Amino acid sequence: QVQLHQWGAGLLKPSETLSLTCAVYGGSFSGFYWSWIRQPPGKGLEWIGEINHSGSTNYNSSLKSRLTMSVDPSKNQFSLNLSSVTAADTALYSCARSYTSNYHYYMDVWGKGTTVTVSS
Amino acid sequence: EIVLTQSPGTLSLSPGERATLSCRASQSVNSRYLAWYQQKPGQSPRLLIYGASSRATGIPDRFSGSGSGTDFTLTISRLEPEDFAVYYCQHYSGGVTFGQGTKVEIK
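Residues numbered from 1 in each chain as written. Chains lettered and ligands numbered in written order. Predicted model: local features only at pLDDT ≥ 70, side-chain atom pairs only at ≥ 80, totals over all residues. Heavy atoms only, no water.

Participant: Got a minute to help me understand empty space enclosed by the protein in this structure?
Facilitator: Applying the stated criterion across every chain yields a total of 1 cavity of 30 Å³ or more. When its volume is computed, the largest cavity comes out at roughly 60 Å³. Together, Ile37, Arg38, Gln39, Leu45, Leu92, Ser94, Trp110 and Lys112 of chain A together with Gln39, Gln43, Ser44 and Pro45 of chain B line the largest cavity. Counting residues per element, the ones that place at least two in the lining of the largest cavity are strand S4 (33–39) and strand S9 (91–100) of chain A. With 3 residues, S4 of chain A is the largest single contributor of residues to the lining of the largest cavity. Its residues assigned to classes, the lining of the largest cavity comprises 5 nonpolar, 5 polar and 2 charged. (1 Å grid on protein atoms, 1.4 Å probe; cavity = no way out; pocket = protein on both sides within 12 Å on 5 of 7 lines; lining within 4 Å. Points joined across faces, edges and corners; volume = space filled by probe spheres on them. Helix = DSSP H or I, 4+ residues; strand = E, 2+ residues; numbered from the N terminus. Nonpolar A, V, L, I, M, F, W, Y, C, P; charged D, E, K, R; others polar.)

Participant: Sorry, what's going on with the environment of Val96 of chain B here?
Facilitator: In this fold, Val96 of chain B is placed in strand S9 (residues 96–98). Looking at Val96 of chain B, the relative accessible area reads 7%, which means it is buried. On a C-alpha basis, the gap between Val96 of chain B and Ala35 of chain B in space is 11 Å, while along the polypeptide they are 61 residues apart. When residues no more than four places from it in sequence are discounted, the contact partners of Val96 of chain B are Trp47, Tyr105 and Met107 of chain A together with Gln90 and His91 of chain B. (Buried < 20%, exposed > 50% of the residue type's maximum accessible area, 1.4 Å probe, protein only. Contact = heavy atoms within 4.5 Å.)

Participant: Explanation requested: the sheet that holds strand S7 (residues 67–72) of chain A in the structure shown.
Facilitator: Strand pairing in a sheet relies on backbone hydrogen bonds. The paired strands run either parallel or antiparallel. Residue and element names in this part refer to chain A. Strand order across the open sheet formed by 4 strands is S1-S3-S8-S7, with antiparallel pairing between neighbours. If you trace the sheet from one side to the other, it starts and ends with strand S1 (3–8) and S7, each paired once. Averaged over all adjacent pairs, the angle separating strand axes in this sheet is 20 degrees, with direction ignored. (Pairing = 2+ DSSP bridges. Axes fitted to C-alpha atoms, helices over the stretch in contact; angles between N-to-C directions.)

Participant: Help me understand the interface of chain B and chain A in this model?
Facilitator: Interfaces are often sized by the amount of accessible area the parts lose when they come together. Taken residue by residue, the interface counts 18 residues in chain B and 21 residues in chain A. For the pairing of chain B and chain A, the buried interface totals around 1700 Å² over both sides, and the portion due to carbon and sulfur atoms is 61%. Counting the contacts that link chain B with chain A gives 0 salt bridges. Across the contact surface, chain B and chain A share 8 residue pairs in polar contact (both at pLDDT 80 or more). When residues of the side of chain B that touches chain A are traced back to their parent elements, those giving at least two are strand S4 (34–39), strand S5 (46–50), strand S8 (86–92) and S9 of chain B. In terms of residue class, the side of chain B that touches chain A is made up of 10 nonpolar, 6 polar and 2 charged. (Buried area = accessible area lost by both parts, 1.4 Å probe. Salt bridge = Lys/Arg side-chain N within 4 Å of Asp/Glu carboxyl O. Polar contact = N/O pair within 3.5 Å; in protein donor to acceptor, adjacent residues only side chain to side chain.)

None of the figures reported here should be taken as evidence of function without further support.
Next comes the structure, spelled out in structure tokens:
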């Protein structure tokens, strides 16, 4: 059974860089895209972006200028860096497995989420 | 950019009743890339439906999805106590967009 375990700093000051990593256990790493999604307190889901095992990325256009995703296939891990954070970036950040094909797209395995708070 | 609008914002129903949730796209979308998720408080979203109408593994058959073009529907035929949650639709077209969610609450 595929599991995602994520970690990273939970409290940041404005202008700092948010860094999170997600490790994949128990399944194929190369056959999927790997996404990051965030959810501000009491609000809905926002897709941040995705990366595959070879480093190909798709980013949310509204975050693209501050966003970098990377992958380490040797460790089955992928990471998120979001620079110049503000209070508006305060949210629960989750990693997820994205099944992508010519026929379907969906996120079927999710991490438990990391709460990130931006405060001075 | 495609915008997904879900309605209603909140649905107040009793266990055993039928729930009908709507997801409308700002332009015609490929239904192959339309999915529905359920999220309970303190939990990560759970995939319910993909390809607009295919149930994900382990999802009870009281959940069904339908629709095409700009209008999609998630139907829960008879609400069970564990079905009271927030539901999101999602579409992919090079990037991912989510609807704002519909909360199904106990009446």
